[in-house]
Amino acid sequence: RLVSQVVNHSEVWMFGERTIEIFVNTAQTDAQGVLITFERQSGTVIEQGCSARFSPAAIDNSIMWLGDGVVYRADGYTPVRVSTHAVEQDIAECDWSEAYAMVWSDRGHKVYYLTFPNGKTWGYDVATRLWHRRASYELDIWRVNHLVFWNGKWIGGDAFNGNLYTLDWANYTENDAPLVSMRRTPYAHDSQNRIFMAALELLMDTGFETLNGDESVWLRYSDDGGKTYTNYRKRMLGDVHQYGKRIRFLRLGTFRNRVFEIMVSSPVKRDLIACSVEMEGAA
């Protein structure tokens, strides 16, 4: 059964539940003189179906879609898996049939966003080949459910109230609600040997705006695989013109494996450039 279709490079991709077939405009006539507008492209049946009718989208001269709990990107007519095991584990707990996708492209980033109304919003950056999450304040998903590039701007539609928003790199709120940025690190470990951590320093691109009210970067960590976390520690972001502000967290104790979580909700530029640590093996 056909569930969706996408036009890309003058080809019509017909997405079925189990396979995908490509049709092309031939503008030819049959033996009886009947005009044949579209014909199936010979030898291009893709043995991979589509699990969500609103998931296929054209991006970066290719097509991406959700099939059987896996996100694929077409390499020619070959489906290539781009989702990770972690993303697929999360997708497995969602309702695939209700998922919907949208694409966004700006400043070298081309992102395929896939939202599950009963789950999360995942974004795949084609340039970096990395996944990230989008979530609006007090929601598990991004409230934007569609994006259109119009009049030199990206316009997003609100899934809950029909509002229209402009995406702006210089705006660090979302319809006046906090725009929270969060980064979780991979495991820090030394083959289960005990580690002593003296300091952690964040290099952030700060000092461009005056801080008002919320002016901190927050850090917490987990030593049990992300099941529980410590209380947040906070340090001040650099105020306007404090470009070389050092953001250091000291006396971080010992551990065998640790995951860090860094959070900023201040409505200012908060790009995280790098992180350095001071740690050594503990006795």
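Note that the structure is a prediction, hence the values are computed from the model and not measured.

Enquirer: What should I look at first to understand the pattern of salt bridges in this one?
Expert: Close approach of charged atoms allows side chains of opposite charge to pair. Taken as a whole and assessed by the stated rule, the structure comprises 15 salt bridges. E17 serves as the salt-bridge partner of R1, at 3.0 Å between the closest nitrogen and oxygen. Of this pair, R1 sits in the segment before β1 (2-8) while E17 sits in the loop between β2 (11-16) and β3 (20-29), and the two are 16 residues apart along the sequence. Assessed through its relative accessible area of 72%, R1 is described here as exposed. Accessibility expressed as a relative area gives 38% for E17, which makes it partly exposed. The partner of R40 in a salt bridge is E21, with the nearest N and O atoms 2.5 Å apart. Here E21 lies in strand β3 and R40 lies in strand β4 (residues 35-40), a separation of 19 residues in the sequence. On the basis of relative accessible area, E21 is assigned to the partly exposed category, the value being 22%. Look at the salt bridges and you will find they share partners, linking E201, R246, R248 and E278 into a network.

Enquirer: Is there a simple way to explain the sheet that holds strand β6 (residues 62-67) in this structure?
Expert: The strands that make up a sheet pair up through hydrogen bonds in the backbone, lying either parallel or antiparallel. The strand order across the open sheet formed by 4 strands is β5-β6-β7-β8, and the pairing between neighbours is antiparallel. A single partner strand is all that each edge strand has here, and the edge strands are β5 (57-59) and β8 (78-81). Adjacent strand axes in the sheet meet at a mean angle of 35 degrees when their direction is disregarded. In terms of strand pairing, β6 meets strand β7 (residues 70-75) through 4 bridges, oriented antiparallel. Bridge pairing in β7 places W65 opposite Y72.

Criteria and cut-off values
- Residues numbered from 1 in each chain as written.
- Predicted model: local features only at pLDDT ≥ 70, side-chain atom pairs only at ≥ 80, totals over all residues.
- Heavy atoms only, no water.
- Salt bridge = Lys/Arg side-chain N within 4 Å of Asp/Glu carboxyl O.
- Helix = DSSP H or I, 4+ residues; strand = E, 2+ residues; numbered from the N terminus.
- Buried < 20%, exposed > 50% of the residue type's maximum accessible area, 1.4 Å probe, protein only.
- Pairing = 2+ DSSP bridges.
- Axes fitted to C-alpha atoms, helices over the stretch in contact; angles between N-to-C directions.

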